[in-house]
Amino acid sequence: MKKNTIFNIMPAAILMVTILVISAVLPVFAYEMQNSPEYGGYFRGEELKMLSNQADSQMMSFVITSANGAVIVIDGGTEDDSNHLREELAKKGNHVSAWFITHPHSDHAGALARIIEEGPGQITIDGIYYNFADPAWYQANESYRAGFVERVRADIGRFPEKLHVIHRGDQFDFDGVHITCMNDPYLVDDNAINNSSCVLKAEMGGKKIMFLGDMGENVGNMFLRDHAGEDLKVDMVQMAHHGQAGVGKNVYEVLSPKVCLWCAPGWLYDDPSYQYQTGMVRNWMRDIGATRNYCIKDGDRTLR
């Protein structure tokens with residue numbers, strides 16, 4: 001009888017020990033998965049790579065690869081990020097089907113300017129997609145940055161046959177990667193160039209990704225008004241203006257993403273001084289139901 005009692009107790013004891021072991025291991029496993037450089041199960045052969053900053057600056061650089069190898073670049077980062085971007089493009093055959101510029105700030109278009117000025121080398125680009133305002137508008141609203149805008153305009157102007165000015169509703173397909181321009185630039189005098197960002201929606205592998213560029217709260221509200229009644233829900237969102245002083249919580253609530261893409265270095269994402277309010281934005285996304293935060297502070301992030 002005693003023997004039977006022991007055998008009856010043992011399965012329960014083993015189960016209890018197993019639960020304790022799993023409870024101890026799972027947090028570590030979850031942490032390692034969150035901080036792994038590669039994440040699978042998102043697409044159907046496509047790849048979304050968010051490149052990390054190579055200097056201390058915030059920046060934005062995405063490389064999308066179709067299931068058959070077509071390459072699309074969104075922005076590209078600063079001049080300091082150009083060599084890293086070159087290395088990534090070399091791995092993918094040095095052929096870019098489309099290069100999109102959300103807006104002409106140096107932390108978004110600097111790498112493209114440097115690559116053109118140094119000479120693309122083996123890199124070939126089929127098309128450059130952008131929408132810049134008149135030069136006089138930049139001079140009137142952000143004169144201290146107008147020089148860089150004209151530099152980029154002159155650089156891409158070396159290839160007039162490759163230039164495509166994009167507008168709201170324009171749609172492009174690159175080997176199954178579908179990209180929609182969601183707006184013409186909003187030309188406001190507050191934080192003018194950031195707020196002139198063209199929002200891009202990419203659809204691939206059954207997923208939708210919204211790239212908000214550096215939109216701020218006021219034009220985020222304009223964007224929602226312009227798209228009232230439309231289904232704007234996406235699976236992933238690039239956090240506006242690197243996660244600080246970007247669109248309001250109301251925009252993220254409408255987009256309702258599960259994955260947040262942070263083009264933010266550590267000093268910005270962690271923000272121990274609370275100067276940039278990125279912690280507040282992370283709380284927004286948690287409240288909305290986003291379950292993953294991927295950030296360039298941890299290096300290149302690859303979603304497949």
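Look up: the structure comes first, before these words.
First, a word on scope: everything that follows refers to the structure included in this document. The structure displayed is predicted, hence computed values, not measured ones.

1. Regarding the sheet that holds strand 17 (residues 301-303)
The mixed open sheet is built from eight strands, whose spatial order is 1-17-2-3-4-6-8-9. Looking at the sheet topology across the chains shown, the edges are occupied by strand 1 (38-39) and strand 9 (163-165). Two elements, strand 3 (residues 61-65) and strand 4 (residues 71-75), share five bridges in a ladder whose sense is antiparallel. The residue of strand 4 that forms the bridge with Ser 61 is Asp 75. The strands touched by helix 2 (residues 82-91) are strand 2 (47-50), strand 3, strand 4 and strand 6 (98-100); relative to strand 3, the strand with the most contacts, the crossing angle is about 5°.

2. Description of the side chain of Asn 53
Along the chain, Asn 53 falls in the loop between strand 2 and strand 3. In terms of polar contacts, Asn 53 uses its side chain to reach the backbone carbonyl oxygen of Ala 55, at 2.7 Å.

3. A few points about the packing of helix 3 (residues 106-118) against helix 5 (residues 143-156)
A pair of packed helices is characterised by two quantities: the angle between their axes and the separation of those axes. Closest axis-to-axis distance for the helix 3/helix 5 pair is 10 Å, and the angle between their directions is 40°. With respect to each other, helix 3 and helix 5 are oriented oblique. Once helix 3 is placed against helix 5, the crossing between them reads as left-handed. Contact with helix 3, carried on its side by Ser 106, Ala 109, Gly 110, Leu 112, Ala 113, Ile 116 and Glu 117, involves Phe 148, Arg 151, Val 152, Asp 155 and Ile 156 of helix 5 and no other residues of that element.

4. Overview of the nonpolar core
Judged by nonpolar contacts, the single largest core of 33 residues is most densely connected at Leu 48, Phe 100, Phe 211, Leu 261 and Leu 303. Not counting residues within four places of it along the chain, the set of residues in contact with Leu 48 comprises Phe 43, Phe 62, Val 63, Ile 64, Met 204, Ile 209, Phe 211, Met 236, Leu 261, Arg 301, Thr 302 and Leu 303.

5. Here we look at the pairing of strand 12 (residues 200-204)
Counting buried residues in strand 12 gives four out of five residues, a clear majority hidden from the surface. Bridging between strand 11 (residues 177-181) and strand 12 involves four bridges; their strand directions are antiparallel. By the bridge assignment, Cys 181 is partnered in strand 12 with Leu 200. Here strand 12 pairs with strand 13 (residues 207-211) via five bridges, running antiparallel. When the sheet's bridge partners are listed, Leu 200 is paired in strand 13 with Phe 211. Between the antiparallel neighbours strand 12 and strand 13 lie two residues, among them Gly 205 with a positive phi of about 55°.

6. So, unusual backbone geometry
Glycine aside, residues mostly have negative phi angles, and peptide bonds mostly take the trans form. For Asn 94, which is not glycine, the phi dihedral falls at a positive 65°. In this fold, Asn 94 is placed in the loop between helix 2 and strand 5 (95-96).

Conventions used here
- Residues numbered from 1 in each chain as written.
- Predicted model: local features only at pLDDT ≥ 70, side-chain atom pairs only at ≥ 80, totals over all residues.
- Heavy atoms only, no water.
- Pairing = 2+ DSSP bridges.
- Helix = DSSP H or I, 4+ residues; strand = E, 2+ residues; numbered from the N terminus.
- Contact = heavy atoms within 4.5 Å.
- Axes fitted to C-alpha atoms, helices over the stretch in contact; angles between N-to-C directions.
- Polar contact = N/O pair within 3.5 Å; in protein donor to acceptor, adjacent residues only side chain to side chain.
- Parallel < 35°, antiparallel > 145°, perpendicular 65-115°, else oblique.
- Left-handed = near helix turned anticlockwise from the far one by under 90°.
- Core = buried A, V, L, I, M, F, W, Y, C linked by side-chain atoms within 4.5 Å.
- Buried < 20%, exposed > 50% of the residue type's maximum accessible area, 1.4 Å probe, protein only.

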